[in-house]
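# A closer look at the structure
These are the residues of each chain, in order.
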Amino acid sequence: MSTNDTPNGAIAASAGTPTNPQRRELLRTTGAVTAGVVASGLLPGGAAKALASPSATEIVALDAYELSGLIKTKEVSCVEVMDAFLKQIDRVNPKINAIVALADGDKLRAEARERDSQLARGQYMGWMHGFPQAIKDTSAAVGFPFTAGSPIQKDYFPKEDAVIAERARRDGAIMIGKTNTPEFALGSNTVNPLYGNTVNPFDLTKTVGGSSGGAGAALVARMLPVADGSDMGGSIRNPSAYCNVYGLRPTAGVVPFAPSPEVFIQQLAIEGPMGRTVKDVAMLLSPQAGHDPRAPLSVHLDPSQFTASLDRDFKGAKIGWLGNWDGYFPMEPGVMELCESRLKVFTDLGCEVEPVKPWFEAETLWQTWLTQRAFLVGNNLRGYYENPELRPLMKRDAQWEVEQAMKMTPQALFESAIARTAWVMSLNEIFKKYDFILSPTAQVFPFDVTTLWPKTVGGVTMETYHQWMGIVLPWSLAGTPVMNVPVGFSAGGVPMGMQVIGPRHSDFKVMQMARAYEKATGFAQKHVPAIARAG
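Summarised in this report is the structure supplied together with it. (Residues numbered from 1 in each chain as written. Predicted model: local features only at pLDDT ≥ 70, side-chain atom pairs only at ≥ 80, totals over all residues. Heavy atoms only, no water.)

### Examining the overall build of the protein chain
Our working definition: Numbering of helices and strands runs from the N terminus; a helix is a DSSP stretch of H or I covering at least four residues, while a strand is a stretch of E covering at least two. Residue exposure (1.4 Å probe, protein chains only): buried if accessible area is under 20% of the type maximum, exposed if over 50%, otherwise partly exposed. Surface exposure here means Shrake-Rupley accessible area, sampled with a 1.4 Å probe, where a residue is shielded only by the protein chains that are shown.
Of regular secondary structure, the protein chain possesses 16 helices and 18 strands. For the protein chain, buried positions account for 62% of its 535 residues. Counting every atom, the protein chain has about 19100 Å² of accessible surface; 53% of that belongs to carbon and sulfur.

What follows is the structure, encoded as structure tokens:
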């Protein structure tokens, strides 16, 4: 299968596009915005002319970092921002179904007016001041249903925010709704019986991935400035790859996963940021990160570190290309070739890139994942499963997880923990040789949204609903920071990405590497789905 840089149904920016245009010049550029080029870095230099009142299209075109600056300096009002994004949501969301449980528009405008009043009084809340924000529907946000895509939870309204929602509000964000997710966040195809299917803005017949699929789709369609996600088995990385954006699964504990009835054993699911630029990802991580006593294993750190400059020289950095683990993970034709074609970007940055053979048994990691995943997910859902009225409302894959947990022995769980420990210890050694590891983010390109999950990949039968995403799972088990970076598009015009993996607590360095790659390629900035443009 041949691959290319420019997808069908996307708008490509001019080759002479500057990386960081002046803030006010972003607000009006002859022809660029109306052509649908709606992202920071896409506006041709020399054609811009600052106007006093930016249009709604121009506001949603801005990257979040630029938008935040304009709000802080009162060059745009929070009401203007809210109106612009609500207009975009009203136009685009019925076609892709990314944002669910949307709040009343008049109520949201009233909240935006209060944010403007706060600015007038000198009360600036933080980087997200006045941002419309929709929390993934696997996290609690007061005032909104917390359904996890399940009819069982359709009437559940939490009384307490999740930490990421609480911190977004504290930083000035205005909660407008939730982003869609697969039922119970199981699987990497955002479909559920409660809200329906979320489709890919680059091709409305294809999956957007998951489980943070609503977040990824809303982000690339310019319905949100930034988005949050959660990732146990690729759920930030996969939709970021399928939406041509950036997404970081942070080091375990950097973003507190709380409140939760269990805060010690569960160390697989991680919440984190998604953005159209690496800078936006880093800026969103700042309010998300840092210790919270409700998550006693969360990391004590200064979150302001993530707001520093991401620019650095990577000459001499050592990178290992792990690829498909020496063939263990089957791949759809074209995925490996596309990712491998981007390795030159890293060598051009001065990095030393070399193939690395798997140093740990991939099958052991797969079995470890199956055990630990079923233990956590299956026991969490067991109460629903054991209720004869609720079990029929659970999708079959959720029931399967419970059944695996019910027949699990304590010895099997203990042995999986031993294997996971050995894997992490091996990484301590491998990262003495390499600064970063690279590997594809997915084994298949976005597929038909009506296919719940691929039953075969590269001619190999998939035995479970998540085996086709196996290439991301070792890093979930490791708890290392992993960032998706876009690598281009298939011959059919749908995106793919690559994982940039660093040692634990190297989150900032991983984002610096991603930023260097972003400056060299500009894939996310150059290509915007046609549906995101006005008209």
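Okay, back to it.
### Quick notes on the sheet that holds strand 5 (residues 174-179)
Definition in use: Paired strands are those between which DSSP finds at least two bridges.
One open sheet accounts for 3 strands, arranged 3-5-4; its pairing is mixed. What marks the edges here is a single partner per strand, and that holds for strand 3 (99-100) and strand 4 (132-136). Bridge count for strand 4 against strand 5 is 5 bridges, and the pairing is parallel. The residue of strand 5 that forms the bridge with Ile-135 is Lys-178.

### Here's the deal with the pairing of strand 9 (residues 246-249)
Along strand 9, one buried face is formed by Tyr-246 and Leu-248 and the opposite face, lined by Gly-247 and Arg-249, is buried too. With 2 bridges connecting them, strand 9 and strand 10 (residues 270-275) associate as antiparallel partners. Its bridge partner lying in strand 10, Tyr-246 is registered against Gly-275. As paired elements, strand 9 and strand 16 (residues 482-490) share 3 bridges and run antiparallel to each other. Residue pairing for strand 16: Gly-247 is matched across the bridge by Asn-484.

### Some words on the environment of Lys-455
The criterion, for reference: Contact definition: two residues touch when any of their heavy atoms are within 4.5 Å. For this analysis, a polar contact is any N or O atom pair within 3.5 Å, provided that within protein one partner can donate a hydrogen and the other can accept it, and provided that sequence-adjacent residues contribute only side-chain to side-chain pairs.
Mapped onto the fold, Lys-455 is located in the loop between strand 13 (436-440) and strand 14 (456-457). Judged by relative accessible area, which is 45%, Lys-455 ranks as partly exposed. Excluding anything up to four places from it in sequence, Lys-455 contacts Val-460, Thr-461 and Met-462. At 3.0 Å, the side chain of Lys-455 forms a polar contact with the backbone oxygen of Trp-453.

### Observations regarding the pattern of salt bridges
To keep it simple, the criterion reads: Every case where a carboxyl oxygen of Asp or Glu lies within 4 Å of a side-chain nitrogen of Lys or Arg is listed as a salt bridge.
Summed over the entire model, instances satisfying the criterion amount to 24 salt bridges. For the salt bridge of Lys-178 with Asp-137, the shortest nitrogen-to-oxygen distance reads 2.8 Å. You can see Lys-178 sitting in strand 5 and its partner Asp-137 sitting in the loop between strand 4 and helix 5 (163-170), a full 41 residues away along the chain. For Lys-178, a relative accessible area of 0% gives the class buried. Classification of Asp-137 as buried rests on a relative accessible area of 0%. Residues Arg-294 and Asp-292 are paired through a salt bridge, measuring 2.9 Å at the closest nitrogen-oxygen approach.

### Brief notes about the packing of helix 11 (residues 362-385) against helix 12 (residues 396-406)
Going by this rule: Each axis is a line fitted through C-alpha atoms, taken for helices only over the stretch in contact, and angles between the N-to-C directions span 0 to 180 degrees. Here the word oblique covers every angle except those under 35 degrees (roughly parallel), over 145 (roughly antiparallel) and from 65 to 115 (roughly perpendicular). Residues are grouped as follows: Ala, Val, Leu, Ile, Met, Phe, Trp, Tyr, Cys and Pro are nonpolar; Asp, Glu, Lys and Arg are charged; all remaining types, including Gly, are polar.
At their nearest, the axes of helix 11 and helix 12 sit 7 Å apart, and the two run at 110° to each other. Taken as axis vectors, helix 11 and helix 12 run roughly perpendicular relative to one another. Of the residues in helix 12, those touching helix 11 at Leu-370, Arg-373, Ala-374, Val-377, Gly-378, Asn-379, Leu-381, Arg-382 and Tyr-385 are Ala-398, Gln-399, Trp-400, Glu-401, Val-402, Glu-403, Gln-404, Ala-405 and Met-406. Looking at the contact of helix 11 with helix 12, its residues break down into 10 nonpolar, 4 polar and 4 charged.

### Quick look at helix 5
Among the residues of helix 5, Val-163, Ile-164, Ala-165, Arg-167 and Ala-168 are the ones counted as buried. Buried-residue contacts for helix 5 involve strand 4, strand 5, strand 8 (227-231), strand 10 and helix 8 (278-288). Gly-172 occupies a position one or two residues after helix 5 and carries a positive phi of about 105°.

### Side note on the packing of helix 11 against helix 13 (residues 410-433)
Working note: a packed helix pair is described by the angle between its axes plus the distance between those axes. The line we're drawing: A clockwise turn of the near helix away from the far one marks a right-handed crossing, whereas an anticlockwise turn of less than a right angle marks a left-handed crossing.
Put simply, helix 11 and helix 13 touch, their axes get as near as 9 Å, and they point 130° apart. In terms of their interaxial angle, helix 11 and helix 13 are classed as oblique. Crossing hand, helix 11 versus helix 13: left-handed. Contact with helix 11, carried on its side by Thr-364, Leu-365, Thr-368, Thr-371, Gln-372 and Phe-375, involves Ala-412, Leu-413, Ser-416, Ala-417, Ala-419, Arg-420 and Trp-423 of helix 13 and no other residues of that element. Of the residues that constitute the contact of helix 11 with helix 13, the class distribution is 7 nonpolar, 5 polar and 1 charged.

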